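Examining the three-dimensional arrangement
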Amino acid sequence: MKKCLITLAVSFALLNMPGLVQASGDINAGQAKSSSCISCHGEKGNSMMPLFPKLAAQNTGYLVKQMQSFKDGSRVDATMSAMVSGLSEQDIQDIAAFYAAQTVTVNAAPQVNPDDLDDIDDNQQLTAAEKKAAKKALQDEQGALMAMGYDVYRNGDLDNEISACIACHGPEGEGNEPASFPALKGQHADYLIKTLTDFKTDARSNNPDNMMHMIAKKMTEDEIKAISYHVSVMQ
C-alpha cells in the first residue's frame, strides 16, 4: 500500500493540470514535411539507430513541445535546432500529427552486452565450466535489472522518493496526451538511458517544472538502466 503513495500523489496533481490546447495538424502534409527527418528517425518514425528516438505513436502535444523547445533554444541540440529553425507553427503541428498516427515497432528484449561476455576470460585462464558460470551470472544480472525496472516503473522507490513512472506515463507506457507527457513504450533503451542521465546531470533543461530533473537525480545508474530496459519492451 505504501508503495502506491507517490503514484497517487502525482496522479492527484495531474487532475488539476490544465490540458494544452493544440492546433489541428494535417497527417498527409506532415508526412511530406517530415522527409528531412527520415535519415535519423526512420521513414515512419521508427529509428533504426538506438541513440536516436523513435517518434512513431508519440503524443502530439509532446512532439509539438519538443520542436518548439528546440526552436526557441530552451532545449539545446545543434542538429535539431537547425532542423526546426525554418518550421512554422503549422509545420510543427503537421509533423507531430503524422508521427503520432504511426505505429511504433516492437524491440527485442535487451541482451547482455557482448563485450562483457568477451571480457569474461581475456587471459584464457578460465575452465569451460567457470566461463559458463560467469556468463550465467551476467544473464542473471540482466534478468534482475528487468525485474527492477518493472517494479520501479509501477511502484516507484518510496525509500528514495522516486515517483512511479506509471503515474505520468501510463500503465502501458502510453503517456498522457492532455498533459503532454510522452509515450515511452517501445522506445530505444539506449536513448532512454541517455535521456534520464541528461535529466540527472542537468544536461537537458527544457522542463520548466523540473519534474524529471528531481526524479532522475534520485535514481541510481542501475535504476536508470533497469527502467530503460523495461520500458523498451513495453507494447
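Keep in mind that this is a model prediction, so the values were computed, not measured. (Residues numbered from 1 in each chain as written. Predicted model: local features only at pLDDT ≥ 70, side-chain atom pairs only at ≥ 80, totals over all residues. Heavy atoms only, no water.)

A full pass over the atoms with the stated rule returns 0 disulfides. Cysteine C40 is unpaired, with the sulfur of C37 as its nearest cysteine sulfur at 8.7 Å. Residue C40 is classed as partly exposed on the basis of its relative accessible area, which comes to 26%. For C168, which is in no disulfide, the shortest distance to another cysteine sulfur is to C165 and amounts to 8.8 Å. The class for C168 is buried, based on a relative accessible area of 10%. (Disulfide = S-S within 2.5 Å. Buried < 20%, exposed > 50% of the residue type's maximum accessible area, 1.4 Å probe, protein only.)

With that settled, the discussion passes to the confidence of the model for the protein chain. One rule of thumb: low pLDDT means the predicted coordinates there are not for detailed reading. Overall, the prediction assigns the protein chain a mean pLDDT of 88, with 86% of residues at 70 or greater. Segment residues 1-21: pLDDT under 50, and 27 contacts once partners within four positions in sequence are set aside and those in other chains are kept. (pLDDT = per-residue confidence, 0-100. Contact = heavy atoms within 4.5 Å.)

Y153, M219, I227 and V231 are the most contacted members of the largest nonpolar core, which totals 18 residues. Going through the elements one at a time, α8 (128-155), α10 (189-200), α11 (211-217) and α12 (221-232) are the ones with two or more residues in this core. Contact partners of I227, with chain neighbours within four places excluded, come to G149, V152, C165 and M219. The next biggest cluster of nonpolar side chains, apart from the first, holds 13 residues, and it includes L55, L63, V84 and F98. (Core = buried A, V, L, I, M, F, W, Y, C linked by side-chain atoms within 4.5 Å. Helix = DSSP H or I, 4+ residues; strand = E, 2+ residues; numbered from the N terminus.)

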